[in-house]
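# Observations on the model geometry
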Amino acid sequence: MSSREIVLGRIRQALADVPANDNEYADAVTRDYLRVHGTRGPEETAALLADNLADYRAVVHRTDADGLPALLARLLAERGATSVLVPPELPEDWLRASEVTRVPDRAASSAYELEKADSVVTGCAVAIAETGTLVLDGSPDQGRRRITLMPDHHICVVRVPDQVVSSLPQALERLDPARPLTWISGPSATSDIELDRVEGVHGPRALEVVLLGGC
């Protein structure tokens, strides 16, 4: 008897006295839980997102469309970045005030080439206020997952209020589970070794989030 057969046999034995349930999966679990905690307007939701992002040690900035190019240029300059990875359809206007070398997201690029870039600038798919989480889905303004993991500095632009939701259930309604979803809550960090927090282990050491108003 194989290990698989042993495991399945034990499962059948454990379920032997469980009554049959013909309900569809969608109806099998009661889903009358709260979809959002409290009542907030768009500005309050954006403020909650900013607070929770800051709790995760992300640096949050606010601007409008007119001020975005200058802000991105300043953030890259303060970081000392000379090169920045860009997704294929990052809006051209976003980096027009910056003189850094733009490195396109190419399938042929090696991990070594991507790692040499100082920063990466992306959009996002949705941002969750209650958890301080950004979700990227590989859309053309976000690029493939690997370009957000290799550089040590990630700037993510979130359109407010269009891309901001209060809760996880609301976010899931907007996302396609067939897409490559990357969930980001602050800079990459771990406390696995002796409970000492170490940043930059699995991705960027620094995360800056720009809340772009008026969208």
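Residues numbered from 1 in each chain as written. Predicted model: local features only at pLDDT ≥ 70, side-chain atom pairs only at ≥ 80, totals over all residues. Heavy atoms only, no water.

### A look at the overall build of the protein
Summing up its helical and strand segments, the protein has six helices and twelve strands in all. Buried positions account for 39% of the 215 residues belonging to the protein. Long-range pairs, those at least 24 residues apart, make up 72% of the contacts in the protein with a sequence separation of at least 6. (Helix = DSSP H or I, 4+ residues; strand = E, 2+ residues; numbered from the N terminus. Buried < 20%, exposed > 50% of the residue type's maximum accessible area, 1.4 Å probe, protein only. Contact = heavy atoms within 4.5 Å.)

### Here's the deal with the side chain of Glu208
With respect to the helices and strands, Glu208 occurs in strand 12 (residues 206-212). In this structure, Glu208 is buried with no salt-bridge partner, the nearest side chain bearing the opposite charge being Arg79 at 6.3 Å. Polar side-chain contacts of Glu208 include one of 2.8 Å to the side chain of His153. Sequence-distant contacts of Glu208, defined by excluding residues within four places in its chain, comprise Val59, His61, Leu75, His153, His154, Ile155 and Cys156. (Lys, Arg positive; Asp, Glu negative; His and termini not counted. Salt bridge = Lys/Arg side-chain N within 4 Å of Asp/Glu carboxyl O. Polar contact = N/O pair within 3.5 Å; in protein donor to acceptor, adjacent residues only side chain to side chain.)

### Re the state of the cysteines
Summed over the entire model, instances satisfying the criterion amount to zero disulfides. Lacking any disulfide linkage, Cys124 is separated from the closest cysteine sulfur, that of Cys156, by 4.7 Å. You can call Cys156 buried: its relative accessible area is 0%. (Disulfide = S-S within 2.5 Å.)

### Structural notes on the sheet that holds strand 9 (residues 182-184)
Strand order in this open sheet of four strands is 8-5-6-9, and the pairing throughout is mixed. Two strands close off the open sheet at either side, each with one partner strand: strand 8 (164-165) and strand 9. Inspection of the sheet shows strand 6 (residues 133-136) paired to strand 9 by three bridges, in the antiparallel sense. Bridge pairing links Leu134 to Ile184 in strand 9. (Pairing = 2+ DSSP bridges.)

### Points about the sheet that holds strand 1 (residues 59-63)
With parallel pairing, the six strands of this open sheet are ordered in space as 1-12-7-4-2-3. A single partner strand is all that each edge strand has here, and the edge strands are strand 1 and strand 3 (101-104). Ignoring strand direction, the axes of neighbouring strands in this sheet form an average angle of 25°. Across three bridges, strand 4 (residues 119-122) lies against strand 7 (residues 153-159) in parallel orientation. Along strand 7, the bridge assignment pairs Thr122 with Cys156. (Axes fitted to C-alpha atoms, helices over the stretch in contact; angles between N-to-C directions.)

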